[in-house]
Amino acid sequence: MTEPLRILTTEIQPWRFLKDRAEADLGFSLEFIEMDFNSAQRTAALDPSSYDIYDQCFHNLDIVWYWRAVQAIDTRRITHWDDLDELSRIMGTSGRQALGDVPASRLFVQHDMTLSDSPSGQISMLPTFYNFDSFGVETEGLDVDRDIRSWAALLDPQWAGRVSLVDEPAIGLFDLALALSASGQIEFENMGNMSVAEIDALIDHGKSLIHAGHLSPFWLRADEPVERFMSGELKLASIWSPTIVEMKRRGIHVRQARPLEGYRAWHGGMCLSRLLKDDKLDRAYDWLNWYLDGYAGSVVARQGYYMSVPDRVKAHMSEAEWDYWYEGLPASQELVDVAGRPAIRPGETRSGGSRRDRAHHIAIWNSTMDEHNYAVRRWSELVDLAAAKGRAQRRAS
């Protein structure tokens, strides 16, 4: 019996809604191994024998590439390579002025096995879906597009005790940095690659916000903000698009802010384990090509993600879906989520406009900085402090 193709992934991949269709189309079985971001990165770097495909994000690439846990991908074997959009492949596009780990900066494998934006026939990670994140705001009494215009809103005293950040140092740390920078409290020389002193200053500010009761405990899984917004515990929080879709499905009035400073962007992708060879390597390429064929992109669109091959995705979406998710137009009819449940009501619009509008409004890409290990240690202090204070408040109440 043929062993399944093993795909190490995270919760942002809606694999449960892809697996049956992919297996039927491909003719072989798939095994998805879902972990949180940090665990997936650690497993990918240290145990390439435990997976065949590493499905993560470009800002998680440096560590696994450094350890040579993954092998280069031959673009000649990627059927729709020439269909990839420029955001995924070229530095000189809308992400050019953005800080952080721009995907194209580490996309192409050079002769000396370093990574850069210089085109070659090999890539480190196949670009898949991406998005432009900020924070979610409960809309009662607010016109979010008019009233919440900056990352500095996360620090506004009127929301004290009802603000939460995501517990992921390559993500939540930058949400806090963007807020502190926008409010004039910290000036970074390069926010995408902070110095030790800048990390220390950021963490000190974060601790002060926790001690003052401004920041609530951080969240780890994307479903956590749903319940915390529903209960009234939160008013503003780091947010991912699947969470917003789920909130809309459940009738929670929330909208993603479009900060003047720009979005925090990220780009997903897939790598090949360095141990893949022969028939299993062939099957891995079959999976990569299936993923870019269009159907998978139509599925991830229903949780708010854009795919690197938009023209192929469009053929698998209704006009109403394409107009809402990609063009930023009002929903012309009720639209469903990734599980087929009604979620978007007629007349609703995505904040920030079309895919192209949002792609031209990036402040920073999720990043793994030179001082990543130090940032992780300091970030953990912040997360632990917020959790401890939250527990103490619950006991007191």
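Residues numbered from 1 in each chain as written. Predicted model: local features only at pLDDT ≥ 70, side-chain atom pairs only at ≥ 80, totals over all residues. Heavy atoms only, no water.

## Quick notes on the packing of helix H1 (residues 19-26) against helix H10 (residues 278-291)
The geometry of H1 relative to H10 is characterised by a closest axis approach of 11 Å and an angle of 120° between their N-to-C directions. Relative to H10, H1 is oriented oblique. The way H1 lies across H10 gives a crossing that is right-handed. Contact with H1, carried on its side by Arg-21, Ala-22, Asp-25 and Leu-26, involves Asp-286, Trp-287 and Trp-290 of H10 and no other residues of that element. Of the residues belonging to the contact of H1 with H10, the class tally is 4 nonpolar, no polar and 3 charged. (Axes fitted to C-alpha atoms, helices over the stretch in contact; angles between N-to-C directions. Helix = DSSP H or I, 4+ residues; strand = E, 2+ residues; numbered from the N terminus. Parallel < 35°, antiparallel > 145°, perpendicular 65-115°, else oblique. Left-handed = near helix turned anticlockwise from the far one by under 90°. Contact = heavy atoms within 4.5 Å. Nonpolar A, V, L, I, M, F, W, Y, C, P; charged D, E, K, R; others polar.)

## A few points about the state of the cysteines
Counted according to the given criterion, the structure contains 0 disulfides. With no disulfide of its own, Cys-271 has Cys-57 as its nearest cysteine by sulfur position, at a separation of 11 Å. Note on Cys-271: relative accessible area 0%, which makes it buried. (Disulfide = S-S within 2.5 Å. Buried < 20%, exposed > 50% of the residue type's maximum accessible area, 1.4 Å probe, protein only.)

## Focus on helix H9 (residues 241-249)
Given 3.6 residues per turn, any residue in an α-helix points the same way as the ones three and four places further on. The element H9 is extensively covered by neighbouring structure, given that 7 of its 9 residues are classed as buried. Regarding H9, the residues found buried are Ser-241, Thr-243, Ile-244, Val-245, Glu-246, Met-247 and Lys-248. Where H9 is buried, its residues contact strand E10 (126-133), helix H8 (224-230), strand E14 (254-256), helix H13 (319-325) and strand E18 (342-344). Of the residues one or two after H9, Gly-251 is the one with positive phi, at around 80°.

## Topic: the packing of aromatic side chains
Within a pair of aromatic rings, the relevant descriptors are the distance that separates the centres and the angle that separates the planes. Under the criterion given, the structure shown has 23 aromatic pairs. A centroid spacing of 5.0 Å and a plane angle of 75° characterise the contact between Trp-219 and Trp-240, whose relative ring orientation is edge-to-face. With Trp-219 in the loop between helix H7 (196-211) and H8 and Trp-240 in the loop between strand E13 (236-238) and H9, the pair connects residues that are 21 residues apart, well separated along the chain. The class for Trp-219 is buried, based on a relative accessible area of 0%. Its relative accessible area of 6% is what places Trp-240 among the buried residues. One aromatic cluster in this structure is built from Trp-15, Phe-32, Trp-287, Trp-290, Tyr-291 and Tyr-295. The ring of Tyr-295 carries Arg-21 above its face, with NZ or CZ at 4.0 Å from the centroid. (Phe/Tyr/Trp six-rings, centres within 6.5 Å; stacked < 30°, edge-to-face > 60°. Lys NZ or Arg CZ within 6 Å of the ring centre and 35° of its normal.)

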